[in-house]
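Take a look at the letters that make up each chain.
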Amino acid sequence: MTSLLYFDSDTLRRGDFFRLKNEIRTEEGHPYELEDWIGRGGNAAVFRARQRITGEECAIKFLMNTGMRNTKRFLREVKLLKAMRGDHITIYHGTGWVTVRHNRRPKDNRLPFVVMELADCNLQDVMHKEEGPLSYERYAGQFRGLAEALAVLHSQAVHRDIKPENILVAGERWLLSDYGLCTFVNPDEEDLTLEGQNVGPKFWLSPEAHNRRLGCGDEINAASDVFQLAAIFWYVATGRQPIGIVTEDDWTGPKKLFRLLHRSLFHDCTRRPQNGGEFFTDLVDALSQ
């Protein structure tokens, strides 16, 4: 067990860490014991943990950089996790705040956290291990589940950060995860993206996201998520990323999936499936052929 929060081994070695001042207990009243560090994101760190009463293993994500905008993003991510349900969506267990003291600062601080299902690895880990495309039998059901998860998400938000590292693998399920960069469909929700801020995974950007970086004023939308997920499906089925202009000659997966994935990668976002719901319906039809 540990009582220290840190971004990674380097920050811990430098003495840049927080010490827990109280037990980890969710708003739902469930107590947790912190175990080893798992990984980090831009502003958060993830640890393995265990529910003290049931012994169930889980993951706890702590927001380490608690500026106002970062905190708002984190709490919106928690809100999405809490609201969504699906076999290919990360299971939410609870949320709360913990009091900590930085090793080099005299005052206590409060950090928000969220407790989630513990994953085994992410999809990029799987692809690196396999060193090539996966079999149809291995990915067909996962593609269907991830497309359905995207449809669920799109009823509330646009993801904007879909990449292999954000698709977690938990047992036999691939999970659409990490909603930190989501923008909500509800117009009453504040847009937390700063003017001119680059958004999205640089190696998996949709054309709209690339053009936005160039100052073209393009909007990242639900069809942008479809592009990113389709690009990952292409990568899983062929072992290659669909960069540039791709044709049927570049496709080495099952023929029945090419037309949908090719259309989902069109430069013109209006010619793609417009959201996760359309993509899911079209994918189910393609898989059934």
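Read on for a plain summary of the structure. (Residues numbered from 1 in each chain as written. Predicted model: local features only at pLDDT ≥ 70, side-chain atom pairs only at ≥ 80, totals over all residues. Heavy atoms only, no water.)

1. Structural notes on the sheet that holds strand E8 (residues 108-116)
Argument step 1. Pairing in this open sheet of eight strands is antiparallel, and the strands run E1-E2-E7-E8-E6-E5-E4-E3 from one edge to the other. Both edges of this open sheet fall to strand E1 (4-5) and strand E3 (24-25), since each of them pairs with a single strand only.
Argument step 2. In this fold helix H2 (residues 68-83) packs onto strand E6 (57-63), strand E7 (92-102) and E8, with an angle of close to 25° to the strand it touches most, E8. (Pairing = 2+ DSSP bridges. Helix = DSSP H or I, 4+ residues; strand = E, 2+ residues; numbered from the N terminus. Contact = heavy atoms within 4.5 Å. Axes fitted to C-alpha atoms, helices over the stretch in contact; angles between N-to-C directions.)

2. Observations regarding the nonpolar core
Argument step 1. Membership of the largest hydrophobic core comes to 55 residues, with the highest contact counts inside it found for Leu153, Trp174, Tyr179, Val236 and Phe279.
Argument step 2. If near-sequence neighbours (up to four positions away) are discounted, Leu153 is found in contact with Leu80, Met84, His159, Leu176, Tyr179 and Cys182. (Core = buried A, V, L, I, M, F, W, Y, C linked by side-chain atoms within 4.5 Å. Buried < 20%, exposed > 50% of the residue type's maximum accessible area, 1.4 Å probe, protein only.)

3. Observations regarding the environment of Thr99
Argument step 1. If you trace the backbone, Thr99 turns up in strand E7.
Argument step 2. Under the relative-accessibility criterion, Thr99 is labelled buried at 18%.
Argument step 3. In this structure the C-alpha to C-alpha distance between Thr99 and Leu20, which are 79 residues apart in sequence, comes to 6.3 Å.
Argument step 4. Here Thr99 is in contact with Arg19, Leu20, Lys21, Asn22, Asp108, Asn109 and Arg110, once residues within four sequence places are set aside.

4. So, the pattern of salt bridges
Argument step 1. Taken as a whole, this structure holds 17 salt bridges when the rule is applied.
Argument step 2. The salt bridge partner of Arg48 is Asp36, with a shortest N-O separation of 3.3 Å. Taken together, the positions of Arg48 in strand E5 (residues 44-51) and Asp36 in strand E4 (residues 31-40) put the pair 12 residues apart, joining distant regions of the chain.
Argument step 3. Here Asp36 falls in the partly exposed class, since its relative accessible area comes to 41%.
Argument step 4. Between Lys61 and Glu77 there is a salt bridge whose closest N-O contact spans 3.0 Å. Of this pair, Lys61 sits in strand E6 while Glu77 sits in helix H2, and the two are 16 residues apart along the sequence.
Argument step 5. Lys61 sits in the buried class, given a relative accessible area of 11%.
Argument step 6. You can call Glu77 buried: its relative accessible area is 5%. (Salt bridge = Lys/Arg side-chain N within 4 Å of Asp/Glu carboxyl O.)

5. Let's talk about the packing of aromatic side chains
Argument step 1. Applying the stated criterion across every chain, the model contains 10 aromatic pairs.
Argument step 2. Seen from their ring centres, Trp204 and Tyr235 are 5.4 Å apart, and the 50° between their planes marks the pair as tilted. Of this pair, Trp204 sits in the loop between strand E13 (183-184) and helix H5 (207-213) while Tyr235 sits in helix H6 (residues 222-238), and the two are 31 residues apart along the sequence. Neither Trp204 nor Tyr235 differs from the other in exposure class; each is buried.
Argument step 3. Against the face of Phe7 rests Arg40, its NZ or CZ located 3.9 Å from the ring centre.
Argument step 4. The ring of Phe266 carries Arg271 above its face, with NZ or CZ at 4.2 Å from the centroid. (Phe/Tyr/Trp six-rings, centres within 6.5 Å; stacked < 30°, edge-to-face > 60°. Lys NZ or Arg CZ within 6 Å of the ring centre and 35° of its normal.)

6. Concerning the packing of helix H4 (residues 136-154) against H6
The packing of two helices is summarised by the inter-axis angle and the distance between the axes.
Argument step 1. Running from N to C, H4 and H6 cross one another at 170°; their axes reach a closest spacing of 11 Å. With respect to H6, the axis of H4 lies roughly antiparallel. Where H4 approaches H6, its residues Tyr139, Phe143, Leu146, Ala147, Leu150 and His154 are matched on the opposing element by Ala222, Asp225, Val226, Leu229, Phe233, Val236 and Ala237.
Argument step 2. When its residues are assigned to classes, the contact of H4 with H6 shows 11 nonpolar, one polar and one charged. (Parallel < 35°, antiparallel > 145°, perpendicular 65-115°, else oblique. Nonpolar A, V, L, I, M, F, W, Y, C, P; charged D, E, K, R; others polar.)

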